[in-house]
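Working through the structure, step by step
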Amino acid sequence: AVYTKDDQAQLFLRRWEAELNLLHLKTTLKIEMLKSKTPTMVSKEVWAHLLVYNLIRRVMWKAAMRSHVPPLRISFKGTIDHINAFLPQLSAATDRKSCLYELLLWTISQDLVPIREGRIYQRCIKRRHKPFPYMTTSRSEYRATMLN
């Protein structure tokens, strides 16, 4: 009674963004399988990846604010690729307020993810080590099945 159906629908759509952020943590930053053996080192490894994730998100935020684009439209993987491409030049730059950094932010802001409304996917996996069913049809067929 407190929340309208539209509010609940918007919240459900935001869930997709949360799932993508978890996917970036696990897959893009490669922490699906942790390498550490002891609980202390596992904790340090997780915290280090969270730090890197937040630093990347901070760069994405700055790029979005400077170019007036929505921050969630900027590609996370693209940002990592752009940072890696600019890293040698940035580390060699002597001027702390180098225009290279501004160019990096502009380049990141141009790598936008397309708006994909109406996504409906049940949890499925392509790898064997997770307890979800396999996606065995094309995405369009799967979507049609889910809508029915």
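See the structure shown above.
Residues numbered from 1 in each chain as written. Predicted model: local features only at pLDDT ≥ 70, side-chain atom pairs only at ≥ 80, totals over all residues. Heavy atoms only, no water.

Per the secondary structure count, the protein chain includes 5 helices and 0 strands. Start at the N end of the protein chain and walk to the C end: the helices and strands fall as α-α-α-α-α. For the protein chain, the residues scored as buried account for 20% of the 148 residues in total. If you take every contact in the protein chain between residues at least 6 apart in sequence, the share linking residues at least 24 apart comes to 52%. Carbon and sulfur atoms provide 61% of the accessible area of the protein chain, an area that totals close to 11,500 Å². (Helix = DSSP H or I, 4+ residues; strand = E, 2+ residues; numbered from the N terminus. Buried < 20%, exposed > 50% of the residue type's maximum accessible area, 1.4 Å probe, protein only. Contact = heavy atoms within 4.5 Å. Areas by Shrake-Rupley, 256 points an atom, 1.4 Å probe, with all protein chains shown as cover.)

Further remarks concern unusual backbone geometry. The backbone of lysine 30 sits at a positive phi, close to 60 degrees, despite the residue not being glycine. For lysine 30, the position within the fold is in the loop between α1 (5-28) and α2 (39-67). In the Ramachandran plot, histidine 68 falls in the positive-phi region, its phi being about 60 degrees despite a non-glycine side chain. Positionally, histidine 68 belongs in the loop between α2 and α3 (76-92).

On to the pattern of salt bridges. Per the stated rule, a full pass over the model turns up 3 salt bridges. Residue arginine 66 pairs with glutamate 102 through a salt bridge whose shortest N-O separation is 2.6 Å. On the criterion of sequence distance, the pair formed by arginine 66 in helix α2 and glutamate 102 in helix α4 (residues 99-110) is long-range, its members being 36 residues apart. According to the relative accessible area criterion, glutamate 102 is partly exposed, its value standing at 39%. Of the charged contacts, one joins lysine 77 and aspartate 81 as a salt bridge, the two residues approaching to 2.9 Å between their closest N and O atoms. Highlighted residues: lysine 77 and aspartate 81, both in helix α3, separated by 4 residues, approximately one helical turn. Note on lysine 77: relative accessible area 43%, which makes it partly exposed. (Salt bridge = Lys/Arg side-chain N within 4 Å of Asp/Glu carboxyl O.)

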